[in-house]
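# Survey of secondary and tertiary structure
What follows is each chain in one-letter form.
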Amino acid sequence: MQTERRKHPRRPPDKGVGITAMSSTATAGAQATTTRSNVAVKVVDVSDKGACLVTTGRLRAGAELLVKLFVEGTDDFYSAKAVVRWAETWSKNGREADVAGIEFMKVQEVRGTRFHAMTSWAPVVPTRQDDKRKQKRRLLESSKVTCVATGLFNFLGMASNLASSLGDLSESGCQITATKKLEPGTSVKVTLAFKHPDVEFSVSGEVKYANRDTLSLEPRYATGIEFSKLAHDDEGRLMMVLRAMDALA
């Protein structure tokens with residue numbers, strides 16, 4: 001049998017390399033916005049033109065991703081637009097894992113020296129420094145969010161958290177990724193906790209829209225929530241977070 005020849009051979013990722021693979025879902029109308037959910041668990045192998053990933057769910061072939069490779073504590077960073085070429089569920093010893101092969105289509109940014117070999121195929125290699133925006137994304141991504149529908153179960157302390165991540169935040173509301181569709185008009189209570197600045201606050205609100213993220217088979221909904229009037233202390237904590245975000249804009 002003829003040995004398979006690859007133009008860009010696969011190799012194990014370097015020690016310490018982390019990855020995010022973000023999907024985007026744009027809402028329609030006046031509330032148009034974008035949410036991103038990380039669908040990557042870890043890197044199985046990489047090549048100059050793509051990668052094999054363990055994912056949080058079975059992805060759709062042809063779906064577009066924004067992929068970022070990085071090494072914590074260093075300036076090494078690689079960002080590219082990619083396309084899912086295949087997706088499978090692998091089984092071994094009674095355990096299953098969702099796996100996808102992606103192809104890099106356009107390099108968006110590269111920093112440091114570790115990932116420069118992965119740009120040999122690209123006609124254009126941006127090197128734009130964007131540390132502030134990166135820090136702003138990390139501020140949102142490192143936050144903890146809970147969202148529960150108000151009602152009897154919430155009153156009894158039995159309501160389950162419907163939020164998996166925070167996508168955006170403003171003085172008047174926020175967008176979360178929810179694991180269940182919340183109908184517009186639903187009253188909710190949202191609690192947000194941040195590391196930098198170290199603040200936590202809760203606010204009541206109303207669901208304005210909920211749109212399914214069609215990239216993954218797992219249920220994910222980009223959910224927009226409009227805040228009700230905040231308590232004075234909670235309003236001060238919200239403004240503290242927004243000022244930190246403005247400083248990174």
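## Observations regarding the pairing of strand E10 (residues 173-178)
Counting buried positions over the 6 residues of E10 gives 6, a clear majority of the element. The alternating pattern of E10 places Gly-173, Gln-175 and Thr-177 on one face and Cys-174, Ile-176 and Ala-178 on the opposite face, and all of these are buried. Inspection of the sheet shows strand E9 (residues 163-169) paired to E10 by 5 bridges, in the antiparallel sense. Within E10, the residue paired with Ser-165 across the bridge is Thr-177. What sits between the antiparallel neighbours E9 and E10 is a turn of 3 residues. In this structure, E10 lies alongside strand E13 (residues 221-227), joined through 6 bridges in antiparallel fashion. Bridge pairing links Thr-177 to Ala-222 in E13.

## Re the packing of aromatic side chains
Where two aromatic rings form a pair, the distance of their centres and the angle of their planes describe that pair. Per the stated rule, a full pass over the model turns up 4 aromatic pairs. Consider the rings of Tyr-78 and Phe-115, whose centres lie 6.2 Å apart with planes at 45°: the pair is tilted. Taken together, the residues Tyr-78 in strand E6 (residues 77-92) and Phe-115 in the loop between strand E7 (95-111) and helix H1 (131-141) connect sequence positions 37 residues apart. For the residue pair Tyr-78 and Phe-115, the accessibility class agrees, reading buried in each case. Taking 6.5 Å as the distance between ring centres and 20° as the angle between the ring planes, the aromatic pair formed by Phe-194 and Phe-201 counts as stacked.

Here is what the cut-offs are and how they apply
Residues numbered from 1 in each chain as written. Predicted model: local features only at pLDDT ≥ 70, side-chain atom pairs only at ≥ 80, totals over all residues. Heavy atoms only, no water. Buried < 20%, exposed > 50% of the residue type's maximum accessible area, 1.4 Å probe, protein only. Helix = DSSP H or I, 4+ residues; strand = E, 2+ residues; numbered from the N terminus. Pairing = 2+ DSSP bridges. Phe/Tyr/Trp six-rings, centres within 6.5 Å; stacked < 30°, edge-to-face > 60°.

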